Amino acid sequence: ISFACAACGLIDLKTQRMRLTSAGGPPPIFCRTDGSLELLPLPTGLPFGVTEDFDYEATTVSIAPGESYLFVTDGAFEIDDARQKQLGIEGLVEILKTLDYPAMPLDMHRLVEKLLRYSNEIRLPDDLTILEIIHNNTKA
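Presented here is a report on the structure given in the accompanying data block.

**Structural notes on the packing of aromatic side chains**
Inspection of every chain in the model, using the stated rule, returns three aromatic pairs. Each ring, one from Phe48 and one from Tyr56, has its centre 5.7 Å from the other, and the planes form 70°; the classification is edge-to-face. Relative to Tyr56, the ring of Phe54 lies with its centre 4.7 Å away and its plane at 70°, an arrangement referred to as edge-to-face. Judged by relative accessible area, Phe54 falls into the partly exposed class, the value being 33%.

Here is the structure:
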């Protein structure tokens, strides 16, 4: 069976809201205006391709000026260290904090360097995709 994990959503700039659903993907990381990071729980559906007929639930979240959402694939946190301890999504959040994110723009080179250092490998074991949605406009 071939399958793909994904997050899908629509952004309404007038209402400053996003409608999101997940097809087996990890939760996005919500970055508040005060700089705190938290995992945004989404209704988790099956990955695409697992079954032909599945109804995905969606949730609506606000996105205020100064806030952002960081969407990542599992390649960003399903990384084992030398003792086979997995980094996990919470470990990724801790790495982001050491990079002073979101106060500083996300530096992909430094992030990948820290992930490689954690794994003690020369390349990451899985693909890594990151999408950052930033609301930096007060007018829609």
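**Regarding a nonpolar patch on the surface**
A cluster of nonpolar side chains, contributed by Phe3, Leu46, Phe48, Val50, Phe54 and Tyr56, occupies part of the molecular surface with about 500 Å² of accessible area. Within the secondary structure, Phe3 sits in the segment before β1 (6-12). In this structure Phe3 comes out as exposed when scored by relative accessible area, which is 53%.

**A closer look at the packing of helix α1 (residues 88-98) against helix α2 (residues 108-119)**
Look at α1 against α2: their axes get within 10 Å of each other, and the N-to-C directions meet at 130°. Here α2 runs oblique to α1, going by the angle between their axes. Of the two possible hands of crossing, α1 and α2 adopt the one that is right-handed. Facing α1, whose interface residues are Leu92, Ile95, Leu96 and Thr98, α2 presents Arg110, Leu111, Lys114 and Leu115. Here the contact of α1 with α2 is built from residues that sort into five nonpolar, one polar and two charged.

**Some words on α2**
Since the α-helix advances by 3.6 residues per turn, residues separated by three or four positions end up pointing in the same direction. Along its twelve residues, α2 runs 16 Å from first to last C-alpha, staying within 8% of the 16 Å computed at 1.5 Å per residue. Within α2, the full set of buried residues consists of Leu111, Leu115 and Ser119. All buried residues of α2 fall inside an arc of 70° around its axis, so they share one side. Opposite its buried face, α2 presents the exposed residues His109 and Arg117, each directed more than 90 degrees away. Looking at the buried residues of α2, the elements they touch are α1 and β8 (130-134). Where α2 begins, the side chain of Asp107 points an oxygen toward the backbone nitrogen of His109, at a separation of 3.1 Å.

**Remarks on a negative patch on the surface**
Residues Glu78, Asp80, Asp126 and Asp127 make up a contiguous surface patch of negative charge. For Asp127, the location among the structural elements is in the loop between α2 and β8.

**Considerations on the environment of Arg19**
Tracing the backbone shows Arg19 in strand β2 (residues 17-23). Overall, Arg19 belongs to the partly exposed group, its relative accessible area being 47%. The spatial distance from the C-alpha of Arg19 to the C-alpha of Gly9 is 5.3 Å, given a sequence separation of ten residues. At 3.1 Å, the side chain of Arg19 forms a polar contact with the side chain of Thr60.

**A short note on the pairing of β2**
For β2, the tally of buried residues reaches five of seven residues, placing the bulk of the element in the interior. Counting the residues that bridge the hairpin from β1 to β2 gives four residues, and of these Gln16 lies at a positive phi of roughly 55°. Of the strand pairs in this sheet, β2 and strand β6 (residues 59-62) are connected by four bridges, and their pairing is antiparallel. Each bridged residue has a counterpart across the sheet, and for Arg19 the counterpart in β6 is Thr60.

Cut-offs and rules
- Residues numbered from 1 in each chain as written.
- Predicted model: local features only at pLDDT ≥ 70, side-chain atom pairs only at ≥ 80, totals over all residues.
- Heavy atoms only, no water.
- Phe/Tyr/Trp six-rings, centres within 6.5 Å; stacked < 30°, edge-to-face > 60°.
- Buried < 20%, exposed > 50% of the residue type's maximum accessible area, 1.4 Å probe, protein only.
- Patch = residues over 30% accessible without salt bridge, like charges linked within 9 Å, V, L, I, M, F, W, Y side chains within 5 Å.
- Areas by Shrake-Rupley, 256 points an atom, 1.4 Å probe, with all protein chains shown as cover.
- Salt bridge = Lys/Arg side-chain N within 4 Å of Asp/Glu carboxyl O.
- Helix = DSSP H or I, 4+ residues; strand = E, 2+ residues; numbered from the N terminus.
- Axes fitted to C-alpha atoms, helices over the stretch in contact; angles between N-to-C directions.
- Parallel < 35°, antiparallel > 145°, perpendicular 65-115°, else oblique.
- Left-handed = near helix turned anticlockwise from the far one by under 90°.
- Contact = heavy atoms within 4.5 Å.
- Nonpolar A, V, L, I, M, F, W, Y, C, P; charged D, E, K, R; others polar.
- Expected span 1.5 Å × (residues − 1).
- Arc of directions from axis to C-beta.
- Polar contact = N/O pair within 3.5 Å; in protein donor to acceptor, adjacent residues only side chain to side chain.
- Lys, Arg positive; Asp, Glu negative; His and termini not counted.
- Charge placed at Lys NZ, Arg CZ, Asp CG, Glu CD.
- Pairing = 2+ DSSP bridges.

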